[in-house]
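Here's the letter readout for the chains.
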Amino acid sequence: MAEIKKTKAVIMENELLCDGIYSIWLKEESIAKVAKPGQFLSIYCKEGSRLLPRPISICEIDDEKTMLRIVFRVAGAGTNEIAEAKKMDEIEIMGPLGNGFFLENTSNSILIGGGIGIPPMLELAKNLPGKKQIVLGYRSETFLVDEFKLYGEVIIATEDGSIGTKGNVIDAMREHGITDGMIFACGPTPMLRGVKSFASEHNLVAQLSMEERMACGIGACLACVCKSKDKDHHSNVNNKRVCKDGPVFYADEIEL
Ligand SMILES: Cc1cc2nc3c(=O)[nH]c(=O)nc-3n(C[C@H](O)[C@H](O)[C@H](O)COP(=O)(O)OP(=O)(O)OC[C@H]3O[C@@H](n4cnc5c(N)ncnc54)[C@H](O)[C@@H]3O)c2cc1C
């Protein structure tokens, strides 16, 4: 695994994609050169009262320009501060964190993203070979759709039915008769639970990326454990640390 660096990055671009969703390109050579799809960054706030870094997935990696892209929703004070950063501002980051997706040799993949779990699927879509069906679930307003279309067939579900299937990603997969391929998914826990049971119903292998609340980001504090099938060698209980052992797990490794 690549060495984790705590370092300063320079904001090269900060764009509002849609209501409350921002896209930021960061210039930072040492992380961009080694990061993999599905890994994440810990982003530090300047405001001293917000001590803990905010985990944000890597949406795109440009190792030639040595840049990393993050796409995030303003959820509270920390992400609000990051959203206000201006071009050429410096920001402290740590990464690359987590294990990322396992790029198995598959000719047929189903990529599933829900809400703010959509961004990390973009770098994965770029890296996976073969046929890709990309299922994206939104509340209402969509983002990143045209960028995903460059890499595969895009299927959309919205909760309010304004675009695509009315409902969630599982409803969209059933409507489009998707039943075959290696599943890669990131999104809220109820969505991952649905994906896990869809995978077992169709006898498919699934990799799930979990967005558990976390503190240290490097496996030391055990704030982000999830229930696992096997005992963790670190804590000797049926737990896995989402930040270090994950955030990506095979569906049959974890209980949801
Ligand atoms: C591995 C990982 C990758 C993530 N990737 C992204 C991403 O690519 N884009 C993105 O927009 N968000 C992502 N998140 C969620 C993001 O970390 C939180 O939204 C952020 O930390 C909130 O910080 P805040 O100070 O703005 O809000 P806070 O004031 O700390 O919290 C505001 C609200 O956000 C919720 N929240 C806080 N932390 C998390 C968390 N870790 N996960 C889920 N909800 C949280 C709280 O429950 C609360 O309702 C990721 C989380 C993890 C663990």
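Residues numbered from 1 in each chain as written. Predicted model: local features only at pLDDT ≥ 70, side-chain atom pairs only at ≥ 80, totals over all residues. Heavy atoms only, no water.

Caption draft 1: Structural view of the side chain of threonine 66. Along the polypeptide, threonine 66 turns up in the loop between strand 5 (60-62) and strand 6 (67-73). According to the relative accessible area criterion, threonine 66 is buried, its value standing at 7%. Among the polar contacts made by the side chain of threonine 66, one reaches the side chain of lysine 27 at a distance of 3.0 Å. Apart from the residues within four sequence positions on either side, threonine 66 is in contact with Leu26, Lys27, Glu28, Glu29, Ala32 and Lys33. (Helix = DSSP H or I, 4+ residues; strand = E, 2+ residues; numbered from the N terminus. Buried < 20%, exposed > 50% of the residue type's maximum accessible area, 1.4 Å probe, protein only. Polar contact = N/O pair within 3.5 Å; in protein donor to acceptor, adjacent residues only side chain to side chain. Contact = heavy atoms within 4.5 Å.)

Caption draft 2: Region of interest: the nonpolar core. Residues Ile112, Val135 and Ile183 are the most contacted members of the largest nonpolar core, which totals 33 residues. The element best represented in this core is helix 6 (residues 189-201), accounting for five residues. Both of domain 1 (6-97) and domain 2 (108-250) provide at least three residues apiece to this core. One finds Leu111, Leu128, Leu136 and Phe184 within the second-largest nonpolar core, a separate group that totals 25 residues. (Core = buried A, V, L, I, M, F, W, Y, C linked by side-chain atoms within 4.5 Å. Domains from an automatic or database assignment.)

Caption draft 3: A look at the site of the ligand. In the vicinity of the ligand, 18 residues are found, and the nearest of them are Arg54, Pro55, Arg73, Thr79 and Ile116. One of the backbone nitrogen or oxygen atoms of glycine 76 is found 2.9 Å away from an oxygen atom of the ligand. Within the contact set of the ligand, an oxygen atom lies 2.8 Å away from a backbone nitrogen or oxygen of glycine 78. When the ligand is considered free in solution it has 850 Å² of accessible area, and contact with the protein chains removes 77% of it. Given that more than half its atoms are within 2 Å of the pocket grid, the ligand belongs to the largest pocket. The set of elements that each furnish at least two residues to the shell around the ligand consists of strand 4 (54-57), strand 6 and helix 2 (77-83). (Near = heavy atom within 4 Å. Areas by Shrake-Rupley, 256 points an atom, 1.4 Å probe, with all protein chains shown as cover. 1 Å grid on protein atoms, 1.4 Å probe; cavity = no way out; pocket = protein on both sides within 12 Å on 5 of 7 lines; lining within 4 Å. Sits in = over half its atoms within 2 Å of the grid points.)

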